[in-house]
Amino acid sequence: MRTARLRTVHPVLWAGWAALAAGAVLCVIGWYGISGERYAERQLPYLASCTVPGAALIIAGAVLLAHGRTTIAALRVEELYGLLVATEPTDTEVSGPATAPLAVSADLLMVPGGTLWHRADCPLVSGKVEAVPVDTKLVASGELGPCPICEPAEETD
């Protein structure tokens, strides 16, 4: 994941380094040309054609490098924010001693062949067409136990 993120900013950083290198080469060429000339009027072409553009390229390269590093930092902040927002609550946060049951309906249902009885709005039986009202004989005999998710009341109607 990190290499994919760096590839998007990579060309900007390379352009910055290339501009810095080209600017440094032009400044060296300009200095070398100026140092070989004795008179100022013969030094001026080297100054105008090499040293000034070289200095401009150095400044442009520094700006590109600063922009590239800022972009990398902004992408990292966005990635961290996305990870922070996308996190699911842990089990300790969801189920604690003070949490209320998920279902509060008074109607009790069971699934034929199942081992638990549920409230009608329990997420395990809501929307299931095969859910039927609880048979009190099965609850009394102990064949059905209460659902640990919706925590139905012990007494049935």
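Residues numbered from 1 in each chain as written. Predicted model: local features only at pLDDT ≥ 70, side-chain atom pairs only at ≥ 80, totals over all residues. Heavy atoms only, no water.

Attention shifts here to the overall build of the protein chain. The helix and strand tally for the protein chain stands at four helices and four strands. For the protein chain, the α and β elements follow one another from N to C terminus as α-α-α-β-β-β-α-β. Out of the 157 residues in the protein chain, the part that is buried amounts to 20%. Residue pairs at least 24 apart in sequence account for 61% of intrachain contacts in the protein chain once pairs closer than 6 positions are excluded. (Helix = DSSP H or I, 4+ residues; strand = E, 2+ residues; numbered from the N terminus. Buried < 20%, exposed > 50% of the residue type's maximum accessible area, 1.4 Å probe, protein only. Contact = heavy atoms within 4.5 Å.)

Where strand β1 (residues 108-110) meets strand β2 (residues 116-119), three bridges bridge the pair, whose relative direction is antiparallel. Among the inter-strand pairings, L109 is bridged to a residue of β2, identified as H118. Joining the antiparallel neighbours β1 and β2 is a turn of five residues, in which G113 adopts a positive phi near 90 degrees. Across two bridges, the pairing between β2 and strand β4 (residues 145-146) is parallel. Counterpart to W117 in the pairing with β4 is P146. (Pairing = 2+ DSSP bridges.)

Quick look at the pattern of salt bridges now. If you walk through the whole model with that rule in mind, you get one salt bridge. The partner of R42 in a salt bridge is E37, with the nearest N and O atoms 3.6 Å apart. Using a relative accessible area of 51% as the deciding quantity, one classes R42 as exposed. (Salt bridge = Lys/Arg side-chain N within 4 Å of Asp/Glu carboxyl O.)

Our next topic: a nonpolar patch on the surface. Together, L44, L47 and V52 give the surface a local cluster of nonpolar side chains, amounting to about 270 Å² of exposed area. For L47, a relative accessible area of 35% corresponds to the partly exposed category. (Patch = residues over 30% accessible without salt bridge, like charges linked within 9 Å, V, L, I, M, F, W, Y side chains within 5 Å. Areas by Shrake-Rupley, 256 points an atom, 1.4 Å probe, with all protein chains shown as cover.)

Here we take up the confidence of the model for the protein chain. Across the protein chain, the average pLDDT comes to 77, with 78% of residues at 70 or higher. Looking across the protein chain, the model is least confident in helix α3 (residues 91-94), with a mean pLDDT of 53, and most confident in strand β3 (residues 132-133), with 86. (pLDDT = per-residue confidence, 0-100.)

A few words now on the state of the cysteines. One pass over the structure, following the stated rule, counts zero disulfides. Summary of cysteine pairing: C27 is not part of a disulfide, and the nearest cysteine sulfur, belonging to C50, is at 8.8 Å. The partly exposed category is assigned to C27, whose relative accessible area is 22%. Cysteine C150 remains unbridged, with the sulfur of C122 as its closest cysteine sulfur at 3.7 Å. According to the relative accessible area criterion, C150 is buried, its value standing at 0%. (Disulfide = S-S within 2.5 Å.)

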